Amino acid sequence: MTSTVVVGGFFGDEGKGKIISYLAIKDNPTIIVRGGAGPNAGHTIRDGDKVYKVRMLPSGFLNKNAKVMIGPGVVINPEVLKKEINDFEVSGRSFIDKHCGIIEETHLIRDSKGELKDKIGSTGSGTGPANADRAMRVLKLAKDFDSLSSIITDVPKEINTALSKNEHVLVEGTQGTFLSLWHGTYPFVTSKDVTASGICADVGLGPTKVDEVIVVFKSYVTRVGTGPLEKELSLDEAEKKGWSEFGTVTGRQRRAADFDFDLARRAIMLNGATQISITKLDVLFSDCAGKTSFAELSDDAKSFIKNIENELNTPVTIIGTGPAVNDVIDRRN
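None of the values given here were measured: they were computed from a predicted structure.

So, on to the pattern of salt bridges. Applying the stated rule across the entire model yields 12 salt bridges. Linking Arg332 and Asp27 is a salt bridge whose minimum nitrogen-to-oxygen distance equals 2.8 Å. With Arg332 in the segment after strand E16 (328-330) and Asp27 in the loop between helix H1 (16-26) and strand E2 (31-34), the pair connects residues that are 305 residues apart, well separated along the chain. With a shortest N-O distance of 3.7 Å, Glu158 and Lys67 are connected by a salt bridge. Of this pair, Glu158 sits in helix H6 (residues 155-164) while Lys67 is found in strand E5 (residues 67-70), placing the two residues 91 residues apart along the sequence. Several salt bridges share partner residues, and in doing so they unite Asp27, Asp330 and Arg332 into one network.

So, on to the sheet that holds strand E15 (residues 316-320). Pairing within the open sheet is mixed, and its 10 strands lie in the order E9-E7-E5-E2-E10-E1-E11-E14-E15-E16. Only two strands of the sheet have a single neighbouring strand rather than two, namely strand E9 (152-153) and E16. One ladder, built from five bridges, connects strand E1 (residues 3-8) with strand E11 (residues 212-218); its direction is parallel. Each bridged residue has a counterpart across the sheet, and for Val6 the counterpart in E11 is Ile214. Contacting E1, E2, E5, strand E7 (94-97), E9 and strand E10 (169-172), H6 runs over the sheet at an angle of about 140° to E2.

Among the nonpolar cores identified, the biggest contains 50 residues, and Val33, Phe217, Ile278 and Leu281 are the most heavily contacted of them. Residue contacts for Phe217: discarding those within four places in its chain leaves Gly9, Phe10, Glu14, Phe259, Ala264, Ala267, Ile268, Ile276, Ser277, Ile278, Thr279 and Leu312. If you look at the next biggest cluster of nonpolar residues, it comprises 36 residues, including Ile45, Phe61, Val80 and Ile102.

Taken across its seven residues, E11 has six buried, putting it largely inside the fold. Sheet topology note: the E11/strand E14 (residues 275-279) ladder contains five bridges and is parallel. Within the sheet, the bridge partner assigned to Val216 lies in E14 and is Ser277.

This paragraph deals with helix H7 (residues 196-203). Three or four residues apart is the spacing at which side chains of an α-helix point the same way, because the helix has 3.6 residues per turn. For H7, the buried fraction is high: six of the eight residues fall into the buried class. Within the sequence span of H7, burial applies to Ala196, Gly198, Ile199, Cys200, Asp202 and Val203. Taken together, the buried residues of H7 touch E1, E2, H6, E10, E11 and helix H9 (261-271). Phi for Gly204, located one or two positions after H7, is positive at around 85°.

A few words on the packing of H9 against helix H11 (residues 299-312). Think of two packed helices as two axes; the pair is described by the angle between the axes and how far apart they sit. Where H9 contacts H11, the two axes come as close as 10 Å, and the packing angle between them is 55°. Taken as axis vectors, H9 and H11 run oblique relative to one another. In this structure, H9 meets H11 at a crossing whose hand is right-handed. Contacts between H9 and H11 involve Phe261, Ala264, Arg265 and Ile268 from the first element and Asn307, Ile308, Glu311 and Leu312 from the second.

Attention now goes to unusual backbone geometry. Across the chain, the bulk of peptide bonds are trans and the bulk of non-glycine residues have phi less than zero. A cis amide bond links Tyr186 to the next residue, Pro187, at an omega of 5°. Among the structural elements, Pro187 can be located in the loop between E10 and H7. Here the phi dihedral of Asp13 falls at roughly 65°; this positive angle occurs in a residue that is not glycine.

What follows deals with helix H2 (residues 78-87). Within the span of H2, buried status applies to Pro78, Val80, Leu81, Glu84 and Ile85. The arc enclosing the buried residues of H2, seen along the axis, measures out at 165°, which places them on a common side. In this structure, H2 carries Glu79, Lys83 and Asn86 as exposed residues pointing more than 90 degrees from its buried face. In this structure, the buried side of H2 is in contact with strand E4 (50-54), E5, strand E6 (75-76), E7 and strand E8 (101-102). Sitting at the amino-terminal end of H2 is Asn77, which places a side-chain oxygen 3.0 Å from the backbone nitrogen of Glu79. Glu89 sits one or two positions beyond H2 and adopts a positive phi of about 55°.

How each quantity is defined
Residues numbered from 1 in each chain as written. Predicted model: local features only at pLDDT ≥ 70, side-chain atom pairs only at ≥ 80, totals over all residues. Heavy atoms only, no water. Salt bridge = Lys/Arg side-chain N within 4 Å of Asp/Glu carboxyl O. Helix = DSSP H or I, 4+ residues; strand = E, 2+ residues; numbered from the N terminus. Pairing = 2+ DSSP bridges. Contact = heavy atoms within 4.5 Å. Axes fitted to C-alpha atoms, helices over the stretch in contact; angles between N-to-C directions. Core = buried A, V, L, I, M, F, W, Y, C linked by side-chain atoms within 4.5 Å. Buried < 20%, exposed > 50% of the residue type's maximum accessible area, 1.4 Å probe, protein only. Parallel < 35°, antiparallel > 145°, perpendicular 65-115°, else oblique. Left-handed = near helix turned anticlockwise from the far one by under 90°. Arc of directions from axis to C-beta. Polar contact = N/O pair within 3.5 Å; in protein donor to acceptor, adjacent residues only side chain to side chain.

The structure is reproduced here in structure tokens:
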């Protein structure tokens, strides 16, 4: 079995939650583990008539056989985490590392005003100030709270032990490549690196233990909040194309632009991608909605996918054709 790392290729909002949910069910990993910044990332998952909006747990929780874990590099809001564990019925198989940082009330207050809120467009989740405190070595960790002791485990040891037993581990990134503190559109970025390397560091997975890196791109580009967006469409143009969307965490309207090959090419490089996932193909080509076979796609849709493969020299293996978990074309061998 293998380890698979899934990360966003643009500015977040690529539809990673749906792709990870699909992979969690299809590949049946033993462990699904999340890296990333904190509860400032939101994933929307549709399973039948149920819609889940996830901020803390890994998106792969729909697989009831898998353990879901949060790596030591992530900061946690205990209230949000506990609510999701209860609401999504994952008690007994949800775990965090003792070195996860803890968001407290003071971080929420600091994140809801001033420079972070006004200029950067922070989500107000407390994630940035908590990560800043961590860099200053003053942040409290999960091990400092007795109330969290029942869900604490050694996450790096768990995932590496699973791999040594030839079990499958799914590693979930949050945000997107160009929101990385190192590689993104600074200062309009998140509070840490969120490329594949950073996500692996968050969970304790060494580079020689990574088998596949899937970078998720939406069929067009969207961005929540401030910061540069090349060839940005007006809100009216985005509305006409059916690209008018709203952020999972903030509820803010997403800005939109056409698929950006230059950004995508750089994301492939920065993440060392071995595969590409394309989501929302059905938004671009409505006749592709719900398709599960590449052969069923229209000629225009096939050309769109083949052009991406040719331009980026990387196979498109997973294609999202609708909002439901199984609205997927899986081209992996």
